[in-house]
Amino acid sequence: MTLRDTPPFRADHVGSLLRPARLREARGQKAAGEISAEELRAIEDEAIRDVIRMQRDVGLRSATDGEFRRTSWHMDFIYRLGGIRQTDEKIEVHFRNEQGELDFESAALAIDAPVRLTETIFGDDFTFLANEVDDDVTAKLTIPSPSMVHYRGGRAAIDPKVYPDEERFWADLSAAYAEQVRRVAGLGCRYLQLDDTSLAYLNDPAQRQLLNERGDDAEHQHLRYIRQINAAIADRPAGLAVTTHMCRGNFRSSWAAEGGYDFVAEALFSELAVDGFFLEFDDERSGSFAPLRFVPPGKMVVLGLVTTKKGVLESKDTLKRRIDEAATYVPLDQMCLSPQCGFSSTVEGNVLSYDQEVAKLRLIAETAAEIWG
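Bear in mind the structure is a predicted one, so any value in this text is a computation, not a measurement.

Analysis parameters
- Residues numbered from 1 in each chain as written.
- Predicted model: local features only at pLDDT ≥ 70, side-chain atom pairs only at ≥ 80, totals over all residues.
- Heavy atoms only, no water.
- Buried < 20%, exposed > 50% of the residue type's maximum accessible area, 1.4 Å probe, protein only.
- Helix = DSSP H or I, 4+ residues; strand = E, 2+ residues; numbered from the N terminus.
- Arc of directions from axis to C-beta.
- Contact = heavy atoms within 4.5 Å.
- Salt bridge = Lys/Arg side-chain N within 4 Å of Asp/Glu carboxyl O.
- Pairing = 2+ DSSP bridges.
- Axes fitted to C-alpha atoms, helices over the stretch in contact; angles between N-to-C directions.
- Core = buried A, V, L, I, M, F, W, Y, C linked by side-chain atoms within 4.5 Å.

Colleague: Lay out helix α8 (residues 205-213) in plain terms, naming residues and giving numbers.
Modeller: Listed in full, the buried residues belonging to α8 are Gln207, Arg208 and Leu211. Taken end-on, α8 shows its buried residues confined to a sector of 100 degrees, consistent with a single buried face. Along α8, the residues that are exposed and aim more than 90 degrees away from the buried face are Pro205 and Glu213. Along its buried surface, α8 packs onto α5 (147-151), α7 (198-201), α9 (221-233) and α10 (262-271).

Following this line, the structure appears as structure tokens:
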């Protein structure tokens, strides 16, 4: 098997990492007015330096900032796009886990002006990360995909006076993302990941029913999202690797959707113009590896076989058997290994310890080294 010097790497991870207790405490102090924004950022800086060292020490070739400066993996980005604002309304997302059910509430959004990029979102955050990693480690930036701007609210979130024609909204959204891609590449970004739950949610018949009930075309929504992501990254500069991560929800060790990738697989793998796919395959909710038969030559598949939802450590033998099974559908040389999702998509984090997180990342690095060298 060939070694990989470009992303995605044989051992990789999705992006978010458990926030240290001191950082969570500092965020609370900032919210209470007890410390300044500058003091909070200094605490974030030190926590990020520590987590960069951890990623290097376990054997990873890429590093993120753990999304330590964010409350949410996606809304912190989306609310900074011009034309989009947070509203007083609440969106309730229903989650499930092995113990039962829980609901997550987040603020809704409204698109009441033309969508545009008014700043390089996370630009300063990426620059700090890039300056802190070692020369042989690639700094990775994660942002939500364009689909996430639309999926939560659909057409109802878009002011018809601003966008009487929804095609204009999609064109503006993709143009804003294309400008973001151009700018972060100008900062030296060589590894960009577009996180997307919608393309995994749409495999769940219950999720498609919800979209149909609000007036969306759930049977074809994934085709629209694929086109818009492609438009956003079409002019990315040479040397910038773009991946996408697709999971079925990740909040305090819970999920929102179920089902294999079958519904979207053929269009997703054959048409989405990314360099690699991070895919959730940690349990039976994810379905079989059969949809991987649509992955074309040259595209990388990052198998998310190690769960971030609980602390029990997988065995190398089990991971290797599952990789062998996946290799019946896509060549082994087109595969990598990662956790199935982030460890802390929101500031609360999943229900496992820091030591368990580190053990899982080390397991991934060691297993990948034994398989691919």
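Colleague: Which residues make up the pattern of salt bridges, and what values go with them?
Modeller: Counted by the stated rule, this structure contains 32 salt bridges. Between Arg41 and Asp125 there is a salt bridge, with the nearest N and O atoms lying 2.9 Å from each other. Remark: Asp125 occurs in helix α4 (residues 123-132) and Arg41 occurs in helix α2 (residues 37-58); sequence separation between them is 84 residues. Between Arg53 and Asp50 there is a salt bridge whose closest N-O contact spans 2.2 Å.

Colleague: For the environment of Lys161, give the residues involved together with the corresponding values.
Modeller: Mapped onto the elements, Lys161 comes out in the loop between α5 and α6 (166-186). With a relative accessible area of 73%, Lys161 lands in the exposed category. Along the chain, Lys161 and Arg10 lie 151 residues apart, while their C-alpha atoms are 48 Å from each other.

Colleague: Run through the sheet that holds strand β9 (residues 300-306), naming residues and quoting values.
Modeller: Overall, parallel pairing links the six strands, which are arranged β5-β6-β7-β8-β9-β10 in an open sheet. Edge positions in the sheet fall to β5 (141-144) and β10 (335-339), since each of these pairs with one other strand and no more. Across the sheet, the mean angle from the axis of one strand to that of its neighbour is 25 degrees, orientation sign disregarded. Pairing of strand β8 (residues 276-280) with β9, which is carried by five bridges, proceeds in the parallel orientation. Its bridge partner lying in β9, Leu279 is registered against Leu303. Together, β9 and β10 form the strand contacts of helix α12 (residues 354-372), whose direction differs from that of β10 by roughly 165 degrees.

Colleague: Give me the lowdown on the pairing of strand β7 (residues 241-246), citing residues and values where you can.
Modeller: Where burial is concerned, most of β7 is hidden: six out of the six residues are buried. Side chains Ala241, Thr243 and His245 project from β7 onto one buried face, and the interleaved Val242, Thr244 and Met246 project onto a second face that is buried too. Sheet analysis places strand β6 (residues 191-196) next to β7, joined by six bridges and oriented parallel. What sits directly across from Asp196, in β7, is Met246. In the sheet, β7 pairs with β8 via four bridges, with the strands oriented parallel. Paired with His245 across the two strands is Phe278, which belongs to β8.

Colleague: Got a sec to walk through the nonpolar core? Specific residues and values, please.
Modeller: Counting 102 residues, the largest nonpolar core has Leu81, Leu292 and Leu303 as the members making the most contacts within it. Setting aside residues up to four positions removed in sequence, Leu303 forms contacts with Leu279, Phe281, Phe289, Leu292, Ile323, Ala326, Met335, Cys336, Leu337 and Ser338. Listed in part, the seven residues of the second largest apolar core include Tyr191, Phe278, Met300 and Val302.

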